[in-house]
Amino acid sequence: MERDFLSRYGVYQIYPMSFCDANGDGKGDIPGILSKLDYLQSLGVRVIWFSPLYPSPMWDMGYDIADYYDINPIFGTMADFDLLMEETKRRGMRVIMDLVVNHTSDQHPWFLEALRNPDSKYRDYYIFRKGKGKNGRKPPNNWTSTFFGSAWKEVPEEQGTFYLHLYSEHQPDLNWHNEAVYQEVKKIVEYWMDKGVYGFRCDVISEIYKESLEDGKRGMPGRPTGFEHYIATPGCHRILKRLRKEVIEPRHGVLIGECYGVERDQAAAFLDDELDTLFGFEITDPGIFKKTMASERFRQILMSWQKLECNGNYLENHDQHRAIGKYVREGPFEKEGGKMLIALLCSLKGVPFFFQGQEIGMKDYRHLSLEESHDAVAHFLDGMLKRYWMPKPLRRWFARKYGRDDARCPMPFLPESGHGFTNSSVEPWQKFNELSSRINVALEEKDETSILHFFRRCLRLRQVDDVLSLGNIRFLPSDEEVLLFLRERKGAKRLCVFNLSDKEKPIPSLVLENTTKNLLLSNYLHGKKEESLLPYEFGIYAIK
Ligand code: NOJ
């Protein structure tokens, strides 16, 4: 039921720091979001996922939570949040909170107490271990952090004792072997659901349960050492099943899982009485030295993840580069390409996810220097590569590729200064994308052919068309770089064709047989009677 709701309506992600600033401090906030709810409603948005709104020292931009029961003063107050719940409800919208429980902030009172008093019950909320080696100063195992370097930090006041952090040292991992941790998280989930929250996007949920702390295998490219001991473990599945049964299901809520490190074959198990939908990561990775995703690789990955009962289909979020420039080439056909990608998300089986700014075709911010970057990953990576004597230009290239700032710029609503993100002349926390005077909501509202107008039409089509949102999917043979598939439900059919490349491609005969009468949506003005599919052309047809 809830899965169907998500599949039909999709999810729009707001990155609170960068959405809209009402109090003029250059940082987004809840009153700012409130002022844009009508805009979101006009897009057809029914479900909003908020990146973390909780108090946090912001080492990892809120993915380091210091208090699970309050609102970060940067974003406002609990009264603001309650109003947000009321106003979204009034508009028929539902709210998804981020739930970050693989780790807390090192400023969370549990962790502070665990450090202050090794005998306190909070010590066992985290994973403390004695070091190895003659004097016990070596980390307990060889695991590396996803943010580079050892995954262990020695406690400064206790030589020879370490704690585990799969992310930065400011994000100590919780010990999910401890029943008390489960009970704490259960309480947190209940608290927000009692406030009317619909569900949670569960941060790196695939790694919460460390099955053992043995040394990891080395040399698995792109994987932190040790990951085989904690990705998709039986313990993780047990916890999710229990949480779903005890808290989520009785309240008709949803769980969306960020399944970092999970292979496609491991993913299905997460959808069995655990998560409503999930994000895999294969789709985000064009390969180590590549910035753009090859169209054929893109096609293969898309088809493979569609085998899941309910995949989370996304191309952008706060951790990723913008889709235009990554999945479609920048240049003369980028607008058609941007539309094609939106239509693709609206045509696939599963839940479509959109990131703020995607609806206007926003692109990466290209000129941010490392010094201006707020992203921990960019800085850690640069530091690590420096230790290997990598020359600066190459280091910067890697920081660019793996850094996560490019899509985190303030949302441009207007062409002029402040861009409708803020009324103040204060510098925003993160620079505006240099494209904001050209790519913004106001200009696209005026242009009937804009990505924004297209986004509304496309999302609406999915929302009113059960076949497109809930039907089965069947892929048909096609040329490389062309996706051809049927969505089918209760005898009704939609034929979907997507040219994922910037080259012309032969039209599949099944598409040729269909007349413009059957065409529900396309990114080119004509009906399909030409010789070929144009660059990034797509068509969705109602067929018998
Ligand atoms: C995934 C989040 O999306 C990312 O922003 C964060 O840095 C890591 N999880 C760690 O919480």
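See above for the structure.
Just so it is clear, the model here is predicted, and its values are computed rather than measured.

1. Regarding the pattern of salt bridges
One pass over the structure, following the stated rule, counts 48 salt bridges. The partner of Asp466 in a salt bridge is Arg8, with the nearest N and O atoms 2.7 Å apart. Here Arg8 lies in helix 1 (residues 2-9) and Asp466 lies in helix 15 (residues 466-470), a separation of 458 residues in the sequence. Among the residues examined, Arg8 registers a relative accessible area of 19% and is labelled buried. Salt-bridge contacts for Lys505 lead to Glu481; the nearest nitrogen and oxygen are separated by 2.9 Å. Taken as a pair, Lys505 in strand 15 (residues 505-506) and Glu481 in the loop between strand 12 (472-475) and strand 13 (482-489) lie far apart in primary sequence, 24 residues in all. Judged on exposure class, the residue Lys505 and its partner Glu481 are both buried.

2. Points about unusual backbone geometry
At Phe148, a residue that is not glycine, the phi angle is positive and equals roughly 80 degrees. Judged by relative accessible area, Phe148 falls into the partly exposed class, the value being 28%. Residue Asp273 is not a glycine yet carries a positive backbone phi of 60 degrees. Checked against the element boundaries, Asp273 lands in the loop between helix 8 (264-267) and strand 9 (277-279).

3. Some thoughts on the state of the cysteines
Across all of its chains, the model carries 0 disulfides by this definition. Cysteine Cys236 shares no disulfide, and the gap to the nearest cysteine sulfur, in Cys259, comes to 7.4 Å. A disulfide-free cysteine, Cys346 has its sulfur positioned 3.9 Å from the sulfur of Cys458, the nearest such atom. Judged by relative accessible area, Cys346 falls into the buried class, the value being 3%.

4. Quick word on the sheet that holds strand 8 (residues 254-258)
A sheet is described by the order of its strands in space; here 8 strands give the open sequence 9-8-7-3-2-1-11-10, paired in parallel fashion. If you trace the sheet from one side to the other, it starts and ends with strand 9 and strand 10 (312-313), each paired once. Pairing of strand 1 (residues 11-14) with strand 2 (residues 47-50), which is carried by 3 bridges, proceeds in the parallel orientation. From the neighbouring strand, Gln13 faces strand 2, where its bridge partner is Trp49.

5. Brief notes about the site of the ligand
Every one of the 13 residues lining the ligand counts as a neighbour, but Asp60, Asp203, His318, Asp319 and Arg404 are closest to it. The separation between an oxygen atom of the ligand and a polar side-chain atom of His103 is 3.0 Å. Between the ligand and Asp203, the relevant distance is 2.7 Å, taken from an oxygen atom to a side-chain nitrogen or oxygen of the residue. When grouped by side-chain class, the residues that make up the shell around the ligand number 4 nonpolar, 2 polar and 7 charged.

The rules behind the values
- Residues numbered from 1 in each chain as written.
- Predicted model: local features only at pLDDT ≥ 70, side-chain atom pairs only at ≥ 80, totals over all residues.
- Heavy atoms only, no water.
- Salt bridge = Lys/Arg side-chain N within 4 Å of Asp/Glu carboxyl O.
- Helix = DSSP H or I, 4+ residues; strand = E, 2+ residues; numbered from the N terminus.
- Buried < 20%, exposed > 50% of the residue type's maximum accessible area, 1.4 Å probe, protein only.
- Disulfide = S-S within 2.5 Å.
- Pairing = 2+ DSSP bridges.
- Near = heavy atom within 4 Å.
- Polar contact = N/O pair within 3.5 Å; in protein donor to acceptor, adjacent residues only side chain to side chain.
- Nonpolar A, V, L, I, M, F, W, Y, C, P; charged D, E, K, R; others polar.

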